[in-house]
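# Structural description and commentary
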Amino acid sequence: MSAVRQFENHEDGPGKKAGVVRIALAGNPNSGKTTVFNGYTGARQHVGNYPGVTVDRKEGHITVEGTPVTVVDLPGTYSLTAYSQEELVARRELSAGHVQAVIDVVDASALERNLLLTVQMLEMGIPVVLCCNMMDEARAAGIHIDMEHLGKLLGIPVLPMVARSGEGLQAAMKTAIALAREGKREPLRFSYGSDLDPVIADMEKRIAESGLLTNRHLPSWVALKMLEGDSEIWHEARLSDAHITAELEDICKKTAAHVRDTLNANLESIITDYRYGYIRSLLRDGIVRQDAGKDRLALSDKLDKVLTNAFFGPLIMIGVLYLMFQVTFELGAYPQGWVEDGFTWLGDAITAALPEGLAQSLIVDGIIAGVGAVIGFIPQLIVLFILLGFLEGCGYMARVAFIMDRVFRRFGLSGKSFIPMLIASGCGVPAVMATKTIENEKDRRMTIMTTTMIPCGAKLPIIALVFGALAGGDYEATWWVAPVFYFLGLFAIILSCIILKKFRAFSGEVAPFIMELPQYHLPTVKNVLLSMWERVRSYVVKAGTIIFLSSMVIWFLLNFGFYEGSFGLLDPEVDDYIQYSLMAGLGNLLAWIFAPLGFGNWESTVTSITGLVAKENVVATVGVITSLGEEIGETDPSLWASFAAMLGGSSAAIMAFCAFNLLCAPCFAAIGTIRRQMMSAKWTWAAIGYMCAFAWCVGLMIYQFGGLIAGEIAFGPFTALAVVVAAGMLYLLFRPAAKPKGAGRLEAARKNA
């Protein structure tokens, strides 16, 4: 029986009602925790954000033998030390008292590493069910675990599980519900050595007597966190009772100095070592046995010798990604054509059903044309996200990040920044959302500010339009146009990273790139499809709603204006009617900004403005403005000629137009996602401002230098401005980096020491 069929979906309320049991799923990354969550909840999940952070909050509501249960999928984390957002969120959720029991999902083949999180939760006094997942792989590798003995040693239930097939899911949930009803358990205690045990006992006594944070945490756990130097706990303690906190701080400082002098180590590392020592003592007690001659990592290690090789790895990666995009565009083109034909039929049907006038124009030219442009890309995104889900599930995407870390680290980013940039090839919205996996806040912000410079699926029509305008059908002479603009995006990201790293807001060492390379295995169809559905749903909801509204605004601006002294709906039968539109007035107002880039007329200005709403609008706007209609596609020769004429036939202006529209701020949907991920209006505007300014500078240099070389323009004031801009970029590239905030004080302290 499948995992989905074992449980009845329960849609009532958020899980905090009387009688509702709240169970959390915890575990290391790549332990199979998400598969467990999908097995319990299926596609009926609520995805939100934890307050104050960008980490996903996933919950599902099910019923188990008449008991309503809220299942909370905690972020994957290796420990509960509050360094990354994931660790902080997981700890806050566990310590807040909202969770009544935890199903701890561990990789059965890597118990020692996984049990560190288990031990920390047990020290918090949380009821835990330990589930050894991926037991099918462990059995195949000849690994045997005495779960009954391990359970007695830890004092908790230990159960086998194979989440992919549903084995053990029902037993784990029933056990967790039983533990939840029993309430809090006694915390796990073991020795931290003769240097720390008396200190922990003394601090625990003081904390218990003063009641410091005891309404939220156990005294023993608070003592341990203080010794570890946990900033979150120290902050809470100072707010609660500054006097007793000062006493405890003095004890911790003396203990830290003693440990540093006698053991040449810091308190946090000592505590971690003792935890691992406790775990090893458990596993040495005959808990884990492995058949001789079997090695579960043998195949993965052999594959990694080739797939992560310094020479062959990047070549294989390029081949895999090229094949992925070829399949996406080739396979997705068929259903995309069907969707477009469907919207064309719908538009024709509504045109025939409604009389000519305001309603018909709004629905057909505004809503259907705008929303249809977005919906038309969904088939390609479905194919792309299925392939990405497969590569992620089988473990290859972790290798891609590892390979790219070697390249990106040279320019101030870690390999984790490559994943959002890869996703950006499909759509900027999920790409920006993917930056939440980057722990370092500076790196994450810099990735958000640059990742949408990669040409997404919606920008492909712009490249095709520019290619046609330059080539005029002569592919042999201009085959290089499309690849150049793809590499322009990557080059712009590298250039931006070097420049931004020189500023104090982004300066500092690149965060260490530490990630687990999971064992290769075939992902389940269900997980791949759920991964695809989550991403496509985000695209439809976040992009579709914004474009639906913005399409009506664009329609209004293009179809309303002042004609012969009166304002109203313009008559399309009037010659050059669009010249009287509000959009034309807006374009004339802003055209001077783009004059140095070679497209200073209102038509090209308006085209760029509508591209901020949705990049798909660029081609449609060109079609409307040139009086060819929105149904003309980017591969139509008549549109090529009209577009080239709109830009004065200048090749340099056409290239500058494309560069600006590819590198400037993304569509409204992606901008909205940037705002949610930045969680700051200031940083959102900084990102938009930087992208637009950078795109304008690149467009300026392309037109001025390119036009000068091609003989299309003469040297003038704007050419001199382009020289100044180029010199400024070179200065920013090669100037010394600003020191991070506080670096001067740290250096002075080291000298004094």
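Treat the numbers as computed from the prediction; the structure is a model and nothing was measured.

So, about the state of the cysteines. Inspection of every chain in the model, using the stated rule, returns zero disulfides. Between cysteine 131, a cysteine without a disulfide, and cysteine 132, which holds the nearest cysteine sulfur, the sulfur-to-sulfur distance is 7.7 Å. Free cysteine cysteine 664: the closest other cysteine sulfur is in cysteine 692, separated by 5.3 Å.

Glancing now at the pairing of strand 7 (residues 128-133). A regular strand carries its side chains on alternate faces of the sheet. The buried count for strand 7 comes to six of six residues, which makes it a mostly enclosed element. Here strand 7 shows no split at all, with Val128, Leu130 and Cys132 on one side and Val129, Cys131 and Asn133 on the other all buried. Pairing between strand 6 (residues 101-107) and strand 7: six bridges, direction parallel. The residue bridging aspartate 107 from the neighbouring strand is asparagine 133, located in strand 7. In this structure, strand 7 lies alongside strand 9 (residues 158-160), joined through three bridges in parallel fashion. Paired with cysteine 131 across the strands is leucine 159, a residue of strand 9.

Contact geometry for helix 9 (residues 231-240) and helix 10 (residues 242-263): axes closest at 6 Å, N-to-C directions at 140°. On the basis of the axis angle, helix 9 is oblique to helix 10. Between helix 9 and helix 10 lies a crossing of left-handed hand. Facing helix 9, whose interface residues are Trp234, Ala237, Arg238 and Ser240, helix 10 presents Ala242, Thr245, Leu248, Glu249 and Cys252.

Take the packing of aromatic side chains next. For the structure on display, the rule yields 14 aromatic pairs. Seen from their ring centres, tyrosine 563 and tyrosine 580 are 4.9 Å apart, and the 75° between their planes marks the pair as edge-to-face. Of this pair, tyrosine 563 sits in strand 11 (residues 560-563) while tyrosine 580 is found in the loop between strand 12 (566-569) and helix 24 (582-594), placing the two residues 17 residues apart along the sequence. Residue tyrosine 580 is classed as partly exposed on the basis of its relative accessible area of 37%. Summarising the aromatic geometry, the rings of tyrosine 690 and phenylalanine 694 are spaced 5.8 Å apart at their centres and angled 25° between planes, so their arrangement reads as stacked. One end of the pair is tyrosine 690 and the other is phenylalanine 694, both in helix 30 (residues 681-710) and four residues apart, which spans about a single turn. For phenylalanine 694, a relative accessible area of 4% gives the class buried.

Together, Leu323, Val327, Leu331, Tyr334 and Trp338 give the surface a local cluster of nonpolar side chains, amounting to about 580 Å² of exposed area. Within the secondary structure, tyrosine 334 is located in helix 13 (residues 312-353).

Of all hydrophobic cores here, the largest spans 99 residues; its most connected members are Phe485, Phe643 and Phe694. Contacts of phenylalanine 485, omitting those with residues within four sequence positions, involve Pro455, Ile463, Val466, Met655, Cys658, Ala659 and Leu662.

Glancing now at the pattern of salt bridges. If you walk through the whole model with that rule in mind, you get 24 salt bridges. In this structure, glutamate 137 engages arginine 164 in a salt bridge whose closest nitrogen and oxygen atoms are separated by 3.1 Å. Taken as a pair, glutamate 137 in helix 4 (residues 135-140) and arginine 164 in the loop between strand 9 and helix 6 (169-182) lie far apart in primary sequence, 27 residues in all. Overall, arginine 164 belongs to the partly exposed group, its relative accessible area being 34%. Notably, a salt bridge pairs arginine 444 with glutamate 441, separated by 2.8 Å at the nearest N-O pair. Of this pair, arginine 444 and glutamate 441 both sit in helix 19 (residues 441-451), separated by three residues, roughly a single helical turn. In this structure glutamate 441 comes out as partly exposed when scored by relative accessible area, which is 27%. Overlapping salt bridges bring together Glu123, Lys225, Glu228 and Arg275 as one network.

Once that is clear, we can look at helix 25 (residues 602-613). A rise of 1.5 Å per residue sets the reference length of helix 25, with its 12 residues, at 16 Å; its end C-alpha atoms lie 17 Å apart and thus fit the reference within 8%. Burial of helix 25 is extensive: 10 of the 12 residues sit out of reach of the surface. Every buried residue of helix 25 is listed here: Trp602, Glu603, Ser604, Thr605, Val606, Thr607, Ser608, Thr610, Gly611 and Val613.

Moving on, we come to the side chain of serine 31. With respect to the helices and strands, serine 31 occurs in the loop between strand 2 (21-27) and helix 1 (33-41). By relative accessible area, which is 1% here, serine 31 ends up buried. Among all residues touching serine 31, those that are not within four sequence positions of it are Val105, Val106, Asp107, Asn114, Asn133 and Met134.

It is worth spelling out the environment of phenylalanine 390 at this point. If you trace the backbone, phenylalanine 390 turns up in helix 15 (residues 378-394). Residues phenylalanine 390 and methionine 532, spaced 142 residues apart in sequence, show a C-alpha to C-alpha distance of 9.6 Å. Not counting residues up to four positions away in its chain, the partners in contact with phenylalanine 390 are Leu522, Pro523 and Val528.

Here we come to the environment of proline 518. Relative to the helices and strands, proline 518 is located in the loop between helix 22 (481-501) and helix 23 (525-559). C-alpha of proline 518 to C-alpha of cysteine 394: the two residues are 124 residues apart in sequence and 8.5 Å apart in space. Apart from residues lying up to four places away in sequence, proline 518 is in contact with Asn30, Gly395, Ala398 and Arg399.

Confidence in the prediction for the chain averages 80 pLDDT; 83% of positions are at 70 or higher. Throughout residues 46-54 the model reports pLDDT below 50, and contacts reaching past four residues in sequence, or to other chains, amount to 35 contacts. Between residues 628-636, whose pLDDT stays under 50, and residues either more than four places distant or in other chains, the model counts 22 contacts.

As for its placement among the helices and strands, glycine 27 is situated in strand 2. In sequence terms glycine 27 and valine 105 are 78 residues apart; their C-alpha atoms lie 5.0 Å from each other. In this view, glycine 27 contacts Lys33, Pro75, Gly76, Thr77, Asp104, Val105 and Leu117; residues no more than four positions away in its chain are not counted.

Conventions and cut-offs
- By convention here, each chain's residues receive numbers from 1 onward along its written sequence.
- A pLDDT threshold of at least 70 governs which residues receive local features in this predicted model, and a stricter bar of 80 or more applies before side-chain atom pairs are shown or counted, although totals over entire chains, interfaces and linings include all residues.
- Side-chain numbers come from the whole structure's heavy atoms, not from hydrogens or water.
- Note that a disulfide, as used here, is simply two cysteine sulfur atoms within 2.5 Å.
- Exposure classes here rest on a 1.4 Å probe applied to the protein chains alone. A residue is buried below 20% of its type maximum, exposed above 50%, and partly exposed in between.
- The helix and strand labels rest on DSSP assignments: H or I over at least four residues marks a helix, E over at least two residues marks a strand, and numbering proceeds from the N terminus.
- Between any two strands, pairing holds if DSSP finds at least two bridges.
- Note on geometry: axes are lines fitted to C-alpha atoms, helical ones only across the stretch in contact, with angles between N-to-C directions running from 0 to 180 degrees.
- What sets the label is the angle itself: under 35 degrees gives roughly parallel, over 145 gives roughly antiparallel, 65 to 115 gives roughly perpendicular, and the rest give oblique.
- Crossings are assigned a handedness: left-handed for a near helix turned anticlockwise from the far helix by less than a right angle, right-handed for a clockwise turn.
- A contact between two residues is defined here by any heavy atoms of the two lying within 4.5 Å.
- Stacked, edge-to-face and tilted are the three classes for Phe, Tyr and Trp ring pairs, Trp counted by its six-membered ring, which pair at centre distances within 6.5 Å; planes under 30 degrees apart are stacked, over 60 edge-to-face, the rest tilted.
- Patch members must show over 30% relative accessible area and no salt bridge, and they are joined within 9 Å when carrying like charges or within 5 Å when they are nonpolar side chains of Val, Leu, Ile, Met, Phe, Trp or Tyr.
- Surface accessibility in these figures is a Shrake-Rupley result with a 1.4 Å probe; residues are shielded only by whichever protein chains are displayed.
- Throughout this description, the term salt bridge denotes a Lys or Arg side-chain nitrogen within 4 Å of a carboxyl oxygen of Asp or Glu.
- Take the buried residues of types Ala, Val, Leu, Ile, Met, Phe, Trp, Tyr and Cys, join any two whose side-chain atoms come within 4.5 Å, and each joined set is a nonpolar core.
- A helix is expected to reach a length of 1.5 Å times the quantity of its residues less one.
- A residue's pLDDT is simply how confident the predictor is in it, with values from 0 to 100.

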